[in-house]
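Report on the structure
Chain by chain, the residues run as shown.
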Amino acid sequence: MTVSSGALANLSTVLRWSAWLLLLLGVLLSVGAHIRLSSEAPQAAPAPAKAAPTSGEAVGPGGFAALYVAAYVEAGRGTEASLARYFPNMRNISLEAKAGAQQAHQLAAVRVEHVSPGYWSVTVAARVTASPSTEKDDDEEPAKNNDDTEQAGQVLRYFQVPVRSAEGDDGFVATTLPAEVGAPEVGDSVELDYGSPVPGDAKDETAATVARFFSAYLAGAGELDRYLAPRTALRPVSPAPYTQVEVAQLAELGGDYRRNLPASEGARRQLLVDLWAAAPDRQLRPLTYVLTLTARDGRWEIAAVNAAPALTKEK
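**A look at the overall build of the protein chain**
Each helix and strand in the protein chain was counted, giving six helices and 10 strands. Expressed as a percentage of its 315 residues, the buried residues of the protein chain come to 30%. Put simply, the protein chain shows about 20,800 Å² of open surface, and 54% of that area lies on carbon and sulfur atoms.

Structural data, given as structure tokens:
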């Protein structure tokens, strides 16, 4: 059968358009499938939360060193493993003292010196108490020279501990056993930037306000909020540790304290306040606070209990 050239041209056109339509349909089907799979695919599960570190890993180098010294003081023969968590090389060391011959109390890091990045030298103070003497077994060797082991009572001792960050930022490790050292030197006295103190006077409205504030804050006498400036969030000490509070003296930042200073709207002042507080045992305890006061509606209100007094600026 003879096919005309016009029919061939028409057939070629139809085939060409069919190919384009198939290509376009394939693209549309592919895009549709991708959209459907994306919408149906489950979301990736969130990464599991990192396990909470242990108490030894959660504290800074000072706290870690205090824990290490506590374990070191009380460790002895047969309990070397108790120190390995702080000092990994402890597995190669044997102790000679009797375990529990000493107990450590009231430990605190009193100095933390930065040696290099991730490395510190920590001085820890500890009150060490010797256990009561016990009868020695016949086969027990005499204790090594340790005067404090035989000494009754409690002794304040100091230990220096090198601490570095563990691998992978996973807590801390000690690099050696503790070294017992002498007590750190006492620092020089500091100068505070307050004028001459004056005795508390009930006739001075500011001193009276401060006294009533502390009676509510420390002794639970009355409502605390009535003495606070707006937006000052402060809760009384609870349970109240004292039964009575008295203002011993007051000093003012930057100059001498002025009695009955007018409360000009918006004025501020900072006071250094020394108290006598009577405990339930009727013993008087001295306390010192720093207060910021603001003036509102003709009266002085407590705006803040400051964290620390202001120091005299070096000239």
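**Regarding the pattern of salt bridges**
In the structure shown here, the tally under the stated rule is nine salt bridges. Close ionic contact of Glu205 with Arg212 constitutes a salt bridge, the shortest N to O distance being 3.0 Å. Overall, Arg212 belongs to the partly exposed group, its relative accessible area being 36%. Residue Arg269 is joined to Glu252 by a salt bridge in which the shortest nitrogen-to-oxygen separation is 2.7 Å. Separated by 17 residues along the polypeptide, Arg269 in strand E8 (residues 268-278) and Glu252 in strand E7 (residues 244-252) bring together distant segments of the chain. A single burial state applies to Arg269 and to Glu252, both of which are buried. Because the salt bridges share partners, they merge into one network encompassing Arg296, Asp297, Arg299 and Glu301.

**A short note on the sheet that holds strand E10 (residues 299-305)**
The pairing of strands in a sheet comes from backbone hydrogen bonds and takes either a parallel or an antiparallel form. Strand order in the open sheet formed by five strands is E6-E7-E8-E9-E10, and the pairing between neighbours is antiparallel. Among the strands making up the open sheet, the edge pair consists of strand E6 (198-199) and E10. Alignment of E6 against E7, held across two bridges, turns out to be antiparallel. By the bridge assignment for E7, Pro199 is matched with Gln249. Strands in contact with helix H6 (residues 205-219) are E7, E8, strand E9 (284-296) and E10; relative to E7, the strand with the most contacts, it is inclined by about 135°.

**Here's the deal with the layout of surface pockets**
Remark: the empty space left among the atoms is shown by a probe the size of a water molecule rolled over them. Taken as a whole, the second largest pocket spans an internal volume of roughly 180 Å³. Lining the second largest pocket, in full, are Glu205, Thr206, Thr209, Arg226, Tyr227, Leu261, Pro262, Ala263, Gly298, Arg299, Trp300 and Glu301. Sorting the residues of the lining of the second largest pocket by element identifies H6 and E10 as the ones contributing at least two each. Residue composition of the lining of the second largest pocket, by class: five nonpolar, three polar and four charged.

**Considering the pairing of E10**
Within a regular beta strand, the side chains point alternately toward one face of the sheet and then the other, so they alternate between its two faces. Relative to E10, E9 is paired through six bridges, and the arrangement is antiparallel. Bridged to Leu293 within E10 is Ile302. Remark: two residues form the turn of the hairpin made by E9 and E10, two consecutive strands paired antiparallel; Asp297 in that turn has positive phi of roughly 55°.

**Some points on the side chain of Ser215**
Within the secondary structure, Ser215 is located in helix H6. In this structure, Ser215 is in contact with Gly220, Ala221 and Val245, ignoring residues within four places of it in sequence.

**Here we look at the environment of Val122**
Assignment of secondary structure puts Val122 in strand E2 (residues 119-130). On the basis of relative accessibility, which here comes to 0%, the residue Val122 falls in the buried class. Considered as a pair, Val122 and Val112 are 10 residues apart in the sequence and their alpha carbons are 4.5 Å apart. What Val122 contacts, discounting residues up to four positions off in sequence, is Pro61, Gly62, Ala65, Ala109, Arg111, Val112, Phe159, Gln160, Val161 and Val163.

**Thoughts on the packing of aromatic side chains**
Summed over the entire model, instances satisfying the criterion amount to 10 aromatic pairs. Geometrically, the ring pair formed by Phe214 and Tyr217 is edge-to-face, given 6.5 Å between the ring centres and 65° between the ring planes. On the criterion of helical spacing, the pair formed by Phe214 and Tyr217 is a turn pair, its members being three residues apart in helix H6. An identical accessibility class is assigned to Phe214 and Tyr217; each is buried. Pairwise contacts between aromatic rings join Phe64, Tyr68, Tyr86, Trp120 and Phe172 into one cluster. Note that Arg269 overlies the ring of Trp300, its terminal NZ or CZ placed 5.0 Å from the centroid.

**Points about the pairing of strand E3 (residues 154-165)**
Pairing between E2 and E3: 11 bridges, direction antiparallel. What sits directly across from Val122, in E3, is Val161. Here three bridges tie E3 to strand E4 (residues 172-174), and the two strands are oriented antiparallel to one another. In the sheet register, Val163 faces E4, and the bridge partner there is Ala174.

**Thoughts on H6**
Compared with an ideal rise of 1.5 Å per residue, which puts 15 residues at 21 Å, H6 spans 20 Å between its outermost C-alpha atoms and is within 8% of the ideal. Counting buried positions along H6 gives 12 out of 15 residues, so the element sits mostly inside the fold. Considering only its buried residues, H6 is in contact with E7, E8, E9 and E10. The first or second residue beyond H6 is Gly220, which carries a positive phi of 65°.

Conventions and cut-offs
Residues numbered from 1 in each chain as written. Predicted model: local features only at pLDDT ≥ 70, side-chain atom pairs only at ≥ 80, totals over all residues. Heavy atoms only, no water. Helix = DSSP H or I, 4+ residues; strand = E, 2+ residues; numbered from the N terminus. Buried < 20%, exposed > 50% of the residue type's maximum accessible area, 1.4 Å probe, protein only. Areas by Shrake-Rupley, 256 points an atom, 1.4 Å probe, with all protein chains shown as cover. Salt bridge = Lys/Arg side-chain N within 4 Å of Asp/Glu carboxyl O. Pairing = 2+ DSSP bridges. Contact = heavy atoms within 4.5 Å. Axes fitted to C-alpha atoms, helices over the stretch in contact; angles between N-to-C directions. 1 Å grid on protein atoms, 1.4 Å probe; cavity = no way out; pocket = protein on both sides within 12 Å on 5 of 7 lines; lining within 4 Å. Points joined across faces, edges and corners; volume = space filled by probe spheres on them. Nonpolar A, V, L, I, M, F, W, Y, C, P; charged D, E, K, R; others polar. Phe/Tyr/Trp six-rings, centres within 6.5 Å; stacked < 30°, edge-to-face > 60°. Lys NZ or Arg CZ within 6 Å of the ring centre and 35° of its normal. Expected span 1.5 Å × (residues − 1).

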